[in-house]
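Spelled out, the chains give:
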Amino acid sequence: MAKICIYGAGSIGCYVGGRLLAGGSDVTFIARERVGNLLRQHGLTLSQFGERRWSVPPERIDVSTDFSAAAAADLVLVTVKSAATPTVAAELAGVLRPGTIVVSFQNGVGNADVLRAALPIQTVLEGMVPFNVIERGPGAYHQGSRGELEIKRAPGLQPFVGDFERAGLPLQQHADMLPVQWAKLLLNLNNAINALSNRPLKEELSPRA
Ligand SMILES: NC(=O)c1ccc[n+]([C@@H]2O[C@H](COP(=O)([O-])OP(=O)(O)OC[C@H]3O[C@@H](n4cnc5c(N)ncnc54)[C@H](OP(=O)(O)O)[C@@H]3O)[C@@H](O)[C@H]2O)c1
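Scope of this entry: the structure provided in the associated data block.

1. Quick word on the overall build of the chain
Phase 1: Within the chain, the regular secondary structure consists of eight helices and 12 strands.
Phase 2: Against the 2.2 N^0.38 benchmark of 17 Å for 209 residues, the chain shows a C-alpha radius of gyration of 17 Å, consistent with a compact globule.
Phase 3: Across its three principal axes, the chain shows a C-alpha extent of roughly 55 × 35 × 30 Å.
Phase 4: Across the 209 residues of the chain, 45% fall into the buried class.
Phase 5: Counted over contacts in the chain with a minimum sequence separation of 6, partners at least 24 positions apart contribute 59%.
Phase 6: Of the accessible surface of the chain, which amounts to about 10400 Å², a share of 54% is contributed by carbon and sulfur atoms.
Phase 7: Charged side chains of the chain number 20 positive and 18 negative; the gap between the two group centres comes to 5 Å.

2. Quick notes on the pattern of salt bridges
Phase 1: Enumeration according to the criterion identifies seven salt bridges in this entry.
Phase 2: One salt bridge connects Asp26 with Lys3, and the closest N-O pair in it is separated by 3.1 Å. Here Asp26 is found in strand 2 (residues 26-30), whereas its partner Lys3 is found in strand 1 (residues 3-7), with 23 residues between them in sequence.
Phase 3: Ionic contacts of the salt-bridge type, sharing partners, join the residues Asp113, Arg116 and Glu126 into one network.

3. Comments concerning the site of the ligand
Phase 1: Taken together, 22 residues form the shell around the ligand, and within it Ser11, Ile12, Arg32, Asn107 and Val133 come nearest.
Phase 2: Take Arg32: an N or O atom from its side chain is 3.1 Å from an oxygen atom of the ligand.
Phase 3: Lys81 places a side-chain nitrogen or oxygen 3.5 Å from an oxygen atom of the ligand.
Phase 4: Relative to its free-state accessible area of 890 Å², the ligand is covered by the protein chains to the extent of 77%.
Phase 5: Its residues assigned to classes, the shell around the ligand shows 11 nonpolar, seven polar and four charged.

Criteria and cut-off values
Residues numbered from 1 in each chain as written. Predicted model: local features only at pLDDT ≥ 70, side-chain atom pairs only at ≥ 80, totals over all residues. Heavy atoms only, no water. Helix = DSSP H or I, 4+ residues; strand = E, 2+ residues; numbered from the N terminus. Rg over C-alpha atoms; globule rule 2.2 N^0.38 Å. Buried < 20%, exposed > 50% of the residue type's maximum accessible area, 1.4 Å probe, protein only. Contact = heavy atoms within 4.5 Å. Areas by Shrake-Rupley, 256 points an atom, 1.4 Å probe, with all protein chains shown as cover. Lys, Arg positive; Asp, Glu negative; His and termini not counted. Charge placed at Lys NZ, Arg CZ, Asp CG, Glu CD. Salt bridge = Lys/Arg side-chain N within 4 Å of Asp/Glu carboxyl O. Near = heavy atom within 4 Å. Polar contact = N/O pair within 3.5 Å; in protein donor to acceptor, adjacent residues only side chain to side chain. Nonpolar A, V, L, I, M, F, W, Y, C, P; charged D, E, K, R; others polar.

Right under this line is the structure:
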């Protein structure tokens, strides 16, 4: 079975990694001490709009605070915030095997390039998570909006497509991810306006004027 590593167990990492684990995949999380302790104690409880729920008990969670736990991975999903990407890239460069597939499931348009520069003998692919995830409690993560994972199409990705399908997170594959990434960034640039005006994005964009 393919080994999947979630590098940066926060909202997106715990949700996507937890769904993959619930779907039967072999998943290792690299986390900060705080999150690691919560996952070891509480496991993962994942929920989605529409009341769907998945639970993963603590004994099924493989979590480490040591980045060298990524060494055995066939697929690494990078789910840290952009500012942490250079550190993660340097850490991965020291441990990954040649040919490992690395996906940046991060917002922004430059994170995959940062990873690629540090990982010339691995394959780095752009990814995009279209839905929102929030931490609701210890080990509890909630998907609050819709959408399917989007990713750069590549031959090396194909062995892992089934893992995402079994998890109920099918991959939308694109030859060119740049328009997808820019579209997400343009929407995200409204976040501050939404927060300051207390108007959700849909409400803000609905009246064209
Ligand atoms: N949350 C969403 O709804 C959402 C939706 C779509 C896309 N995204 C994108 O997904 C990415 C992740 O967002 P997020 O909301 O999941 O962020 P997050 O909750 O902050 O999760 C990232 C986690 O990685 C940890 N981390 C950072 N560097 C690490 C390292 N070297 N080793 C181990 N752990 C490390 C962080 O710890 P520290 O905080 O202690 O550094 C944090 O716990 C971002 O690019 C974001 O824009 C988020």
